[in-house]
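Topology and contacts: notes
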Amino acid sequence: MNERAIVCKGLTKRFGDFIAVNNISFDVDQGEIFGFLGANGAGKTTAMRMLCGLSYPTSGEAAVAGYNVFKQQEAIKRNIGYMSQKFSLYESLTVKENIRFYGGVYGLSDRQLKEKGDELITQLGMENEVKKMVGSLPLGWKQKLAFSVAIIHQPRIVFLDEPTGGVDPVTRRQFWDLIYAAAEKGITIFVTTHYMDEAEYCNRISIMVDGRIDALDTPANLKQQFRATSMDEVFYALARSAKRSAD
Amino acid sequence: METVTLHNISKTYGKGATPALKDVSFSVNKGELFGLIGPDGAGKSTIFRILTTLLLADEGTATVGGLDVVKDYHRIRSSVGYMPGRFSLYQDLTIEENLTFFATLFGTTVAANYELIKDIYRQIAPFKDRRAGKLSGGMKQKLALCCALVHKPEVLFLDEPTTGVDAVSRREFWDMLQQLKQQGITIVVSTPYMDEARRCERIALIQAGSILSIDTPDAIINAYPGQLYALKAAHIPHLLNDVRGFEGVGQCYAAGEYLHMVFRSGSEEHLLAFLEGKGHKDIILKKIKPDIEDCFIRLLTTTHQ
Ligand SMILES: Nc1ncnc2c1ncn2[C@@H]1O[C@H](COP(=O)(O)OP(=O)(O)OP(=O)(O)O)[C@@H](O)[C@H]1O
Ligand SMILES: [Mg+2]
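Residues numbered from 1 in each chain as written. Chains lettered and ligands numbered in written order. Predicted model: local features only at pLDDT ≥ 70, side-chain atom pairs only at ≥ 80, totals over all residues. Heavy atoms only, no water.

Thoughts on the overall build of chain A
Within chain A one finds 9 helices and 10 strands. A compact globule built from 247 residues would reach a C-alpha radius of gyration of about 18 Å, and chain A, at 18 Å, matches this within 12%. Here the C-alpha coordinates of chain A stretch approximately 50 × 40 × 35 Å along the principal axes. Among the 247 residues that make up chain A, the fraction classed as buried is 56%. Sequence-distant contacts in chain A: of pairs separated by 6 or more residues, those separated by 24 or more amount to 67%. Just so you have it, chain A exposes about 10500 Å², and 49% of that area is on carbon and sulfur atoms. In chain A, 30 side chains carry a positive charge and 29 a negative one; their mean positions are 4 Å apart. (Helix = DSSP H or I, 4+ residues; strand = E, 2+ residues; numbered from the N terminus. Rg over C-alpha atoms; globule rule 2.2 N^0.38 Å. Buried < 20%, exposed > 50% of the residue type's maximum accessible area, 1.4 Å probe, protein only. Contact = heavy atoms within 4.5 Å. Areas by Shrake-Rupley, 256 points an atom, 1.4 Å probe, with all protein chains shown as cover. Lys, Arg positive; Asp, Glu negative; His and termini not counted. Charge placed at Lys NZ, Arg CZ, Asp CG, Glu CD.)

Spelled out as structure tokens, the structure:
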């Protein structure tokens, strides 16, 4: 458990004069469920894209699954899973075609693909949907499918950018069942959410304000530190101190 | 006075598909804040599309502000505001340009109705020269809302307007909806957030294209049968697994820091003994009042089976 899945020191991203991510430092342990919270525009997606090897930091250092975010972007992409804030599957391909496509991208053999694909479909209870276009599925199903596909190659870490945004209360809980199952298998979970009850399901969470990380601890410790009875209150206290979205 | 009415509306997309809406009827009063709540794919967006005249129903009739959605679609379009689930902003226009564009489209100006949008607009105004395509997800959502409001509509249709919006802004957003309501604007809104459902005057629960119930949030909560419990122990994921394996417990699901559960036949003593036997530490079990989320989960999971 003490092996680090993510080591991040002074990570910074500028767009022109604007500092979207401002000198953030934190570590995530292998197998941990790490919640990455923050108000709109705080810099979560921008930070996550750097950690996923999708954009270069302006400065700072970070290693993800042991690979350097400047020099080893390709190795990072192979060793992680990523579910973007926008929907990440092909809407006009069927469920099965999507699984085959992504399995192929991640270098699974035909046999592995068949096994993994069948297992995944049974786990999701989507036996009757395999031939349907992904675009025709309800949002929650798409998200559960996208998650399962993002971990089809057993990555060490999976990055989830608001995976349950817009998902109903029942399906949201099924999604978290999938997260727990993946974490049990040792996959590190790095997840953003605006649902404060979901913050409680994480081992530790960080809260970003205006590009900085202003708090980082277990949900219980944060509530104690802010003398709050719920994560909602903690978030409220921190996010209200944001300057750059106010006038 | 009824501002929005639906009579026996049915809709099926394409031959042989399962119906998206089945004989849906309800009405919304003038100045009411009315919520549409239901699981993904229940048919909420289809209702919005029919009421905003973008989609024709197969059967039934509907009116908005006394106008028929089929015959008077032109007049309806200019008197309602609509924020679709997927925003329809121009990605290569800036924040300010998008807003001005929507105002001009409806023959008004941003200045004329600035009061209406200022609480939300203020939050994105520092970036008004940034292109929509470069905004964060929640910032886009706020801009889309301003665009739907800028012509001061009589009826506002909001399809999951706060998806992707952070917890602080969601509260401010709902404060703003209360203000709009005070000005006599009728609001129909869908949301996956149950704390927001609580703030509606009435909510319609929809599942698989049919209305399950329409009532005030209080009435829905008061109708919750049986006793709900909150349960917690040192290791929540294992606790959830173990409780689900315990005969006497009916439903059990995560709810923030605690699990929520009901007994089917077992008792508190039995459950506690069982969990201690499984090695759980720091167990807390207490009776609690349900909230809307509990009611929603109960309704959906009991009708599923
Ligand atoms: N390519 C870009 N050019 C300029 N500014 C950008 C670019 N990408 C992001 N930004 C800005 O960086 C800030 C952080 O955006 P980011 O998407 O990381 O926020 P977030 O925390 O993910 O927010 P949300 O909760 O709304 O998804 C925002 O002000 C955004 O407009
Ligand atoms: Mg984001």
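Structure shown, so let's carry the discussion forward.
So, the site of ligand 1
Lys44, Thr45 and Thr46 of chain A together with Arg130 and Ser136 of chain B are the nearest of the 21 residues found near ligand 1. At the site occupied by ligand 1, the surrounding residues belong to chains A and B. The contact in question runs from an oxygen atom of ligand 1 to an N or O atom on the side chain of Thr46 of chain A, over 2.5 Å. Contact distances for ligand 1 include 3.0 Å between an oxygen atom and a side-chain N or O atom of His194 of chain A. Here ligand 1, which alone exposes 640 Å², has 89% of that area covered by the protein. Secondary-structure elements contributing two or more residues to the shell around ligand 1 are strand E2 (18-29) and helix H1 (44-51) of chain A together with helix H5 (137-149) of chain B. (Near = heavy atom within 4 Å. Polar contact = N/O pair within 3.5 Å; in protein donor to acceptor, adjacent residues only side chain to side chain.)

So, the UniProt feature "domain: ABC transporter" (unreviewed entry) in chain A
Here, UniProt's "domain: ABC transporter" (unreviewed entry) annotation points to residues 6-235 of chain A. Secondary structure over residues 6-235 of chain A splits into 37% helix and 27% strand, and the C-alpha atoms at its two ends are 24 Å apart. (UniProt positions renumbered as here; feature names shortened; annotations may be inferred.)

A few points about the packing of aromatic side chains
What the rule picks out here adds up to 22 aromatic pairs over all chains. Where Phe18 of chain A meets Phe127 of chain B, the ring centres are 5.9 Å apart and the plane angle is 85°; that geometry is what we call edge-to-face. Of this pair, Phe18 of chain A sits in strand E2 while Phe127 of chain B is found in the loop between helix H4 (114-124) and H5, placing the two residues in two different chains. Given a relative accessible area of 23%, Phe18 of chain A falls into the partly exposed group. (Phe/Tyr/Trp six-rings, centres within 6.5 Å; stacked < 30°, edge-to-face > 60°.)

Regarding the domain arrangement of chain B
According to the domain assignment, chain B contains domain 1 (2-220) and domain 2 (225-289). A C-alpha centroid distance of 39 Å is found between domain 1 of chain B and domain 2 of chain B. (Domains from an automatic or database assignment.)

Observations regarding unusual backbone geometry
For Gln154 of chain A, which is not glycine, the phi torsion reads 55° and is therefore positive. By the element assignment, Gln154 of chain A lies in the loop between helix H5 (139-150) and strand E7 (157-161). On the basis of relative accessibility, which here comes to 41%, the residue Gln154 of chain A falls in the partly exposed class. The backbone of Asp23 of chain B shows a phi angle near 55°, a positive value even though the residue is not glycine.

Observations regarding the confidence of the model for chain B
On average, residues of chain B carry a pLDDT of 91, and 98% of them reach 70 or more. Predicted as a complex, the structure gets a pTM of 0.91 and an ipTM equal to 0.86. (pLDDT = per-residue confidence, 0-100.)

A word on the pairing of strand E10 (residues 210-215) of chain B
Residues and elements named next belong to chain B. The pairing of strand E9 (residues 202-207) with E10 spans 5 bridges and is antiparallel. Residue pairing for E10: Ala204 is matched across the bridge by Ile214. In textbook terms, the turn of a hairpin is the stretch between consecutive antiparallel strands, and for E9 and E10 this stretch comprises 2 residues, one of which, Ala208, has a positive phi near 45°. (Pairing = 2+ DSSP bridges.)

Observations concerning the interface of chain B and chain A
Each partner contributes to the interface: chain B provides 41 residues, whereas chain A provides 39 residues. Together chain B and chain A conceal approximately 3100 Å² of surface at their shared face, both sides included; 56% is due to carbon and sulfur atoms. Considering only the side of chain B, the residues that lose the most area to chain A are Asp40, Val168 and Arg171 of chain B, jointly responsible for 19% of the buried surface there. Run the count over chain B and chain A and you get 5 salt bridges. (Buried area = accessible area lost by both parts, 1.4 Å probe. Salt bridge = Lys/Arg side-chain N within 4 Å of Asp/Glu carboxyl O.)

A closer look at the side chain of Glu293 of chain B
Along the chain, Glu293 of chain B falls in helix H11 (residues 292-304). You can call Glu293 of chain B buried: its relative accessible area is 14%. Within the local environment of Glu293 of chain B, its side chain forms a polar contact with the side chain of Arg173 of chain A, the two groups lying 2.9 Å apart. Residues contacting Glu293 of chain B, with those up to four places away along its chain left out, are Pro169, Arg172, Arg173 and Asp197 of chain A together with Met194 of chain B.

Description of the pairing of strand E4 (residues 59-64) of chain A
Residues and elements named next belong to chain A. Summarising the sheet, strand E1 (residues 4-15) and E4 pair through 5 bridges and their orientation is antiparallel. When the sheet's bridge partners are listed, Val7 is paired in E4 with Ala63. The pairing of E4 with strand E5 (residues 67-68) spans 2 bridges and is classified as antiparallel. Paired with Val64 across the strands is Tyr67, a residue of E5. In this antiparallel pair of consecutive strands, E4 and E5, the connection spans 2 residues, and Ala65 shows a positive phi of 55°.

Some words on the environment of Arg78 of chain A
Residues and elements named next belong to chain A. Mapped onto the elements of the fold, Arg78 is located in helix H2 (residues 73-79). For Arg78, a relative accessible area of 57% translates into the label exposed. Distance in space between the C-alpha atoms of Arg78 and Lys9 is 22 Å, their sequence separation being 69 residues.

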